[in-house]
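Residue-level listing of the chains:
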Amino acid sequence: MSAFTGRSLTVVEDFSIDEQVYLYEKTRELKERIRSGADVSDFKIGDRSLGVYLVFLEDSTRTRESFANAAQFHEVRVNHFNTATSSFNKNESITDTIKMLFGYSDKSLFVVRSRQEGLCRWLHDELGAYAERISMPRPVFINAGDGKHEHPTQEFLDEFSFLEQQNWNRDHLRIVLVGDLFHGRTVHSKVDGLKVFKNVEVDLVAPEELAMPSYYVERMKDNGFKVREYPSIEEYLATGDPAKIWYFTRPQLERMGEEIREKAAVLRNAITFRKEYMGRLKEGTRFYHPLPRHREYPTIPGFLDHTSLNAWDEQSTNGYFTRIVEIALLAGKLGDGFTGSTRQWEELPDDFIQEAPVGSGRKPEYKVGIKPVERGIVIDHIGRGRDLKKIWDHIDKIRRIMGFDIRSSHGVYHTNDSAIFKGIISLPDIISFDESQLKMLAAIAPGCTLNIIDDSRVQKKYRLRIPPKVYGFKEISCKNENCISRPELFENVQPEFIRSKGNRFVCRYCDHSHSFHEIWDF
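Now for a quick tour of the structure.

1. Topic: the overall build of the protein chain
Thought 1: The helix and strand inventory of the protein chain stands at 14 helices and 19 strands.
Thought 2: The C-alpha extent of the protein chain, read off along each of the three principal axes, is 85 × 60 × 45 Å.
Thought 3: Considering only intrachain contacts with a sequence separation of at least 6, the fraction spanning at least 24 residues in the protein chain is 76%.
Thought 4: Accessible surface computed for the protein chain: about 23,800 Å², of which carbon and sulfur atoms make up 46%.
Thought 5: Across the protein chain, the mean location of the 74 positive side-chain charges is 2 Å away from that of the 78 negative side-chain charges.

2. Points about the nonpolar core
Generally speaking, a soluble globular protein has its nonpolar side chains buried in company with each other.
Thought 1: Of all hydrophobic cores here, the largest spans 86 residues; its most connected members are F162, I175, L177, V202, M212, W246 and F287.
Thought 2: Broken down by element, this core gets its largest block of residues, eight residues, from helix α12 (residues 312-330).
Thought 3: Not counting residues up to four positions away in its chain, the partners in contact with V202 are I175, L177, L194, M220, F225, K226, V227 and R228.
Thought 4: Listed in part, the 58 residues of the second largest apolar core include Y53, V55, W122 and L441.

3. Here's the deal with helix α1 (residues 17-36)
Thought 1: Over its 20 residues, α1 extends 29 Å from the first C-alpha to the last, a length consistent with the 28 Å expected when each residue adds 1.5 Å.
Thought 2: Buried within α1 are the following residues: E19, Q20, V21, Y22, L23, Y24, K26, T27, L30, K31 and R33.
Thought 3: Of the residues flanking the end of α1, it is G37, one or two places downstream, whose phi is positive at about 80°.

4. Some remarks on the pattern of salt bridges
Thought 1: Enumeration over the complete set of coordinates arrives at 43 salt bridges.
Thought 2: Between R7 and E19 there is a salt bridge; the shortest N-O distance is 2.7 Å. Pair noted here: R7 is in the segment before α1 and E19 is in helix α1, with a separation of twelve residues, a long-range link. Accessibility assignment for this pair places R7 and E19 in one class, buried.
Thought 3: The residue E29 makes a salt bridge to K26 at a minimum N-O spacing of 3.1 Å. Placement of the pair is E29 and K26 together in helix α1, with a separation of three residues, close to one helical turn.
Thought 4: Judged by relative accessible area, which is 28%, E29 ranks as partly exposed.
Thought 5: What emerges from the salt-bridge pattern is a single network uniting R174, E201, D203, R228, D241 and K282.

5. A closer look at the environment of Y130
Thought 1: You can see Y130 is positioned in helix α4 (residues 119-133).
Thought 2: On the basis of relative accessible area, Y130 is assigned to the partly exposed category, the value being 22%.
Thought 3: Along the sequence, Y130 and K99 sit 31 residues apart, while their C-alpha atoms lie 8.3 Å from each other.

6. Some thoughts on the packing of aromatic side chains
The description of an aromatic ring pair rests on the distance of the ring centres and on the angle between the ring planes.
Thought 1: Per the stated rule, a full pass over the model turns up 26 aromatic pairs.
Thought 2: Note on Y53 and F110: the rings are 5.1 Å apart at their centroids and 15° apart in plane angle, and the pair reads as stacked. With Y53 in strand β1 (residues 50-56) and F110 in strand β3 (residues 107-114), this residue pair connects regions lying 57 residues apart in the sequence. Take Y53 and F110: they sit in the same class, and that class is buried.
Thought 3: In this arrangement the basic side chain of K44 is found over the ring face of F73, its NZ or CZ atom lying 5.2 Å from the centre.
Thought 4: Directly above the ring of F303 sits K275, whose terminal nitrogen or CZ lies 5.3 Å from the centroid.

7. A short note on the sheet that holds strand β18 (residues 504-507)
Thought 1: Spatially, β16-β17-β18-β19 is the arrangement adopted by the four strands of the open sheet, whose pairing is antiparallel. At either margin of the open sheet sits one strand with a lone partner, and together these are β16 (469-471) and β19 (513-515). On average, each strand axis in the sheet is tilted by 30° relative to the strand beside it, whichever way the strands run.
Thought 2: Pairing analysis gives three bridges linking β16 to strand β17 (residues 496-500), with the strands arranged antiparallel. Across the sheet, K469 pairs through a bridge with I498, a residue of β17.

8. A short note on the environment of P213
Thought 1: Locating P213 in the fold gives a position in the loop between β6 (200-205) and α8 (214-222).
Thought 2: For the pair formed by P213 and L157, sequence separation is 56 residues and the distance between their alpha carbons is 23 Å.
Thought 3: Dropping the residues within four chain positions of it, P213 is found in contact with L181, F182 and H188.

9. So, unusual backbone geometry
Thought 1: The peptide bond linking L291 to P292 adopts the cis configuration, its omega dihedral lying at -5°.
Thought 2: Here P292 shows up in the loop between β9 (286-288) and α12.
Thought 3: Notably, D455 is not glycine yet its phi reads approximately 55°, a positive angle.
Thought 4: Looking at where D455 falls in the secondary structure, it is placed in the loop between β14 (449-454) and β15 (457-464).
Thought 5: The class of D455 is exposed, set by a relative accessible area of 57%.

10. Looking at the side chain of S513
Thought 1: On the secondary structure map, S513 appears in strand β19.
Thought 2: S513 sits in the buried class, given a relative accessible area of 12%.
Thought 3: At a separation of 2.8 Å, a polar atom in the side chain of S513 contacts the side chain of R504.
Thought 4: Ignoring any residue separated from it by four or fewer positions in sequence, one finds S513 in contact with Y215, R504, F505, V506 and E518.

Rules used throughout
Residues numbered from 1 in each chain as written. Predicted model: local features only at pLDDT ≥ 70, side-chain atom pairs only at ≥ 80, totals over all residues. Heavy atoms only, no water. Helix = DSSP H or I, 4+ residues; strand = E, 2+ residues; numbered from the N terminus. Contact = heavy atoms within 4.5 Å. Areas by Shrake-Rupley, 256 points an atom, 1.4 Å probe, with all protein chains shown as cover. Lys, Arg positive; Asp, Glu negative; His and termini not counted. Charge placed at Lys NZ, Arg CZ, Asp CG, Glu CD. Core = buried A, V, L, I, M, F, W, Y, C linked by side-chain atoms within 4.5 Å. Buried < 20%, exposed > 50% of the residue type's maximum accessible area, 1.4 Å probe, protein only. Expected span 1.5 Å × (residues − 1). Salt bridge = Lys/Arg side-chain N within 4 Å of Asp/Glu carboxyl O. Phe/Tyr/Trp six-rings, centres within 6.5 Å; stacked < 30°, edge-to-face > 60°. Lys NZ or Arg CZ within 6 Å of the ring centre and 35° of its normal. Pairing = 2+ DSSP bridges. Axes fitted to C-alpha atoms, helices over the stretch in contact; angles between N-to-C directions. Polar contact = N/O pair within 3.5 Å; in protein donor to acceptor, adjacent residues only side chain to side chain.

Written out as structure tokens, the structure is:
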């Protein structure tokens, strides 16, 4: 047993920075030994009771084959799950199928690739609970790419390759990401993966249609990265100060609408390297690519294959070495020598309700619309500071989601002695909210105040903030159409959101960022 044993690798942040560094150190040691012909038996699991299942619900060559060879290195049972002839094509449950496969081995490790974002995290939770119920070891899940969400094992082989290029110096990295930054899960994983370097500068090169989603750009900045954006390679090189490490991705036209595909030639031109650019690169520049390149329209054309820019060939071999070590860590073969900090999930305080002081006066009589409440609840400061229409829409959303189809009144008013507007809902027939209703209201209208009225006086006043988690409500959904919590895509996965910076919610499964307004279906 070690700090890694039995864990899953669903996103980059499942490993702490120290754990990632340990992974790279062990990979470096393994690679040097294999290349020199030295003994590597202490890296091998050699346990036939461990079944490694390759479950690729989306086509892949490089990732599937590198994992297959990495598993074979370990002398364990390797099972290639053939999705083309599987029950998946008859709309049978993926979760039930994985449970069935789990029952065929004493210990199980699943490498899963899919278009459905968040699948590995769901399976880790669901199959982990199932294993505990039947007293079996928890199965391990490795995310081999899920939609446009993440590809953590590709990210680890990329970071290992960059470290090799920099002679293992982690002090600083400047990198340019070029290509389809909107759909490219390998570049999305770099939002967290690049944190292994202490100081990071990221140049983003993509036309507007392929640009990095804004929430990933903001996360890079939150991580302390210096970020610059450019619409094309030509305009980037015109700055006269390009990075030495270039990371290319291909435009994923199969994921785009017809309107975008009509611009394919223009988009490709913006992100494809050309011969006339050669003299504008710095000495020591290296190009990387997750491979394979597009046969007809490669962003790194073939004339570069035999130049010093080619670092992608060596990069591709690193997938074999890093994945051997990842399997060894999660299966418990390696990790005894690890002494750093493990991944710690932040415990968000359940602090969304704050009692506020109550003034001594009677509840003010509003001059228009709202009749004073003798006994009941008044929700105040709804949408404070927004424009009138947005506040009215906000009030309407609260009433429908909370089910306030009762005797009540509501309106939009100026705050005291101010030109700022706020919304108010008066509920004379309700004298209390339960915990679920409070959490729902806080998630719909963070910043509002809840006034408990009796004998025409405010007896208690509460300020509501964004709750740490929101789940268990039938009225919420992730707006990412590829998230596994979407009912049309998966089976009984209940949406769940976690509070993030700026009064936003992040989907627990696909990490898609939402405003507090967006998670509700009304």
